[in-house]
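Architecture at a glance
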There are 2 protein chains.
Amino acid sequence: MNAIDRLVILLSKFPGLGKKSARRMVYYLLDGDPQYAQVLAEHIGDLHQEIIRCTVCGNFTEQEPCPICADTSRDPIICVVERAQDVQVIEESREFRGRFHVLGGLIAPLEGINPGDLAINPLLNRIPQEHIREVILALNPTVEGDTTALYVQQLLKGYQVDVTRLASGLPVGGDLEYTDRLTLSRSFRGRIRL
Amino acid sequence: MNAIDRLVILLSKFPGLGKKSARRMVYYLLDGDPQYAQVLAEHIGDLHQEIIRCTVCGNFTEQEPCPICADTSRDPIICVVERAQDVQVIEESREFRGRFHVLGGLIAPLEGINPGDLAINPLLNRIPQEHIREVILALNPTVEGDTTALYVQQLLKGYQVDVTRLASGLPVGGDLEYTDRLTLSRSFRGRIRL
């Protein structure tokens, strides 16, 4: 096996990246400026040194605490997400000016992920500490997301805090005809008076 | 800009890789074993040192000449391709047991790619040297591919060699109804007596 094939195998480990796309990337590197491959290699190699997890919210960051947790002007509302990348998506939507909390997964007993594996206790500790008035559960509308939301919601009953969950329904630009039964059912149950 | 964003920008340079996919890759690296990122970085960094271009055919290789050119049992037929990755695709099809020649592009005057920029002279030199009896032009059925094929074909008229081109027509598993006019026209012109 030569250096091309070895790199193709390494790159195919990325989710959603097949062997063909990986091969295309390697040839792009070979066709291109060696300097680019060099800089890319350095950045990948340094990534884990430069990026740490914020000990408050669990988001990836270069400084501790992360810029979001350090920003005291943020609303005392915590948006609970599954993974760090969800923080980025919600930040870019500019729909929310509160704080975040990364659970680090969803409860999935069949995959061996139990509540104890998630950052649920740190979330509970933050509520009195930061005088949080609302917890928004921004978890995927899947079986695992529903289970986790229900579990966290039960634990939050002992706290003086509103617990909400993102609305689930038809995606904007979507087509009723191609919407699955469950999404349709949720969009009915969550219908809004005009 | 932090280390995540910098790496996202670097990765988005790959063809067909948008910012979202690049971000997904970075988070995959961050979520995963730091050892994997380290090994990946080393392989990318070493790529240009380990892989060179074969001086005979222009294919990427770790040794000079490449294993295909070094294999004297190969038929004295040259398959001419645009890029090194085409060699891989044809080799994997096991449809061809001859030699290869990588042009390094296609004639595209509007993009500033002229015949002089392609490895056409080295191809002409190989024909008497290697006693080649056929040249197969395996170039894409596009305007640039057609132009380049015509140009090379003209030059090859002075040589004792058959010149052929890959058949163009309906893709296997394709649907007549969704086939574009040009492909249909080619599949008519290239029709085969049964």
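Residues numbered from 1 in each chain as written. Chains lettered and ligands numbered in written order. Predicted model: local features only at pLDDT ≥ 70, side-chain atom pairs only at ≥ 80, totals over all residues. Heavy atoms only, no water.

With an RMSD of 0.1 Å, chain A superimposes on chain B once it is rotated by 180° and translated 0.0 Å along the axis. What the superposition gives is, in effect, a two-fold axis relating one chain to the other. Minimal C-alpha distance to the rotation axis in chain A is attained by Ala41(A), lying at 2.1 Å. The fraction of interface residues of chain A whose copies in chain B are also interface residues reaches 100%, indicating that both copies meet through the same surface. (Least-squares fit on C-alpha atoms with pLDDT ≥ 70 in both. Contact = heavy atoms within 4.5 Å.)

The domains assigned to chain A are domain 1 (3-50) and domain 2 (75-165). Computed over C-alpha atoms only, the centres of domain 1 of chain A and domain 2 of chain A are separated by 34 Å. (Domains from an automatic or database assignment.)

So, about the interface of chain A and chain B. Between chain A and chain B, the contact holds 43 residues from the first and 44 residues from the second. When chain A packs against chain B, the two sides together hide about 4500 Å² of surface, and 71% of this comes from carbon and sulfur. Of all residues in chain A, Phe14(A), Ile44(A) and His48(A) bury the most surface against chain B, accounting for 15% of the area lost on that side. On inspection of chain A and its partner chain B, the count reaches six salt bridges. Secondary-structure elements contributing two or more residues to the side of chain A that touches chain B are α1 (3-11), α2 (19-31), α3 (34-50) and α5 (84-93) of chain A. Its residues assigned to classes, the side of chain A that touches chain B comprises 25 nonpolar, eight polar and 10 charged. (Buried area = accessible area lost by both parts, 1.4 Å probe. Salt bridge = Lys/Arg side-chain N within 4 Å of Asp/Glu carboxyl O. Helix = DSSP H or I, 4+ residues; strand = E, 2+ residues; numbered from the N terminus. Nonpolar A, V, L, I, M, F, W, Y, C, P; charged D, E, K, R; others polar.)

In the segment running from Glu64(A) into Pro65(A), the intervening peptide bond is cis, with an omega of -5°. For Pro65(A), the location among the structural elements is in the loop between β2 (60-61) and α4 (67-70). Positive phi values are uncommon outside glycine, yet Arg94(B) reaches one of about 55°. As for its position among the elements, Arg94(B) is in the loop between α5 (84-93) and β4 (99-102).

Attention now goes to the environment of Gly58(B). Relative to the helices and strands, Gly58(B) resides in the loop between β1 (52-53) and β2 (60-61). If we ignore the near neighbours within four places in the chain, the residues touching Gly58(B) are Arg53(B) and Val102(B).

Here we take up the packing of α5(A) against helix α2 (residues 19-31) of chain B. Where α5(A) contacts α2(B), the two axes come as close as 10 Å, and the packing angle between them is 145°. In this structure, α5(A) contributes Ala84(A), Gln85(A), Gln88(A) and Glu92(A) to the contact, and α2(B) contributes Arg23(B), Tyr27(B) and Asp31(B). Each residue belonging to the contact of α5(A) with α2(B) can be placed in one class, and the counts come to two nonpolar, two polar and three charged. (Axes fitted to C-alpha atoms, helices over the stretch in contact; angles between N-to-C directions.)

Residues and elements named next belong to chain B. Looking at the secondary structure, you find Asp86 in helix α5. Assessed through its relative accessible area of 16%, Asp86 is described here as buried. Only 3.4 Å separates the side chain of Asp86 from the backbone nitrogen of Glu82, close enough to count as a polar contact. (Buried < 20%, exposed > 50% of the residue type's maximum accessible area, 1.4 Å probe, protein only. Polar contact = N/O pair within 3.5 Å; in protein donor to acceptor, adjacent residues only side chain to side chain.)

Let us now look at the pattern of salt bridges. A complete count under the given rule lists 24 salt bridges over all chains for this structure. Between Glu50(B) and Arg6(A) there is a salt bridge whose closest N-O contact spans 3.0 Å. Taken together, the positions of Glu50(B) in helix α3 (residues 34-50) and Arg6(A) in helix α1 put the pair across two chains. Arg6(A) is the partner of Glu62(B) in a salt bridge, and the nearest nitrogen-oxygen pair spans 3.9 Å. With Glu62(B) in the loop between β2 and α4 (67-70) and Arg6(A) in helix α1, this pair bridges two chains.

Residue and element names in this part refer to chain B. An order of β4-β3-β5-β6 is seen for the four strands of this open sheet, with the pairing classed as parallel. With partners counted over all chains shown, the strands left at the sheet margins are β4 and β6 (162-165), one partner each. This sheet shows a mean twist of 25° between the axes of neighbouring strands, independent of strand direction. Summarising the sheet, strand β5 (residues 134-137) and β6 pair through four bridges and their orientation is parallel. The residue of β6 that forms the bridge with Val135 is Val163. Running at roughly 155° to β4, α5 makes contact with β3 (77-81) and β4 of the sheet. Sitting on the sheet, helix α6 (residues 120-129) touches β3, β4 and β5, and the angle it makes with β4 is about 155°. (Pairing = 2+ DSSP bridges.)

To continue, consider the pairing of β3(B). Residues and elements named next belong to chain B. Counting buried positions along β3 gives five out of five residues, so the element sits mostly inside the fold. Side chains of β3 alternate between two faces, with Ile77, Cys79 and Val81 and Ile78 and Val80 buried alike. Two elements, β3 and β5, share four bridges in a ladder whose sense is parallel. Each bridged residue has a counterpart across the sheet, and for Ile77 the counterpart in β5 is Glu134. Since β3 and β4 lie parallel, the crossover through α5 that links them has a hand, and here it is right-handed. (Right-handed = clockwise from strand over helix to strand, strands pointing away.)

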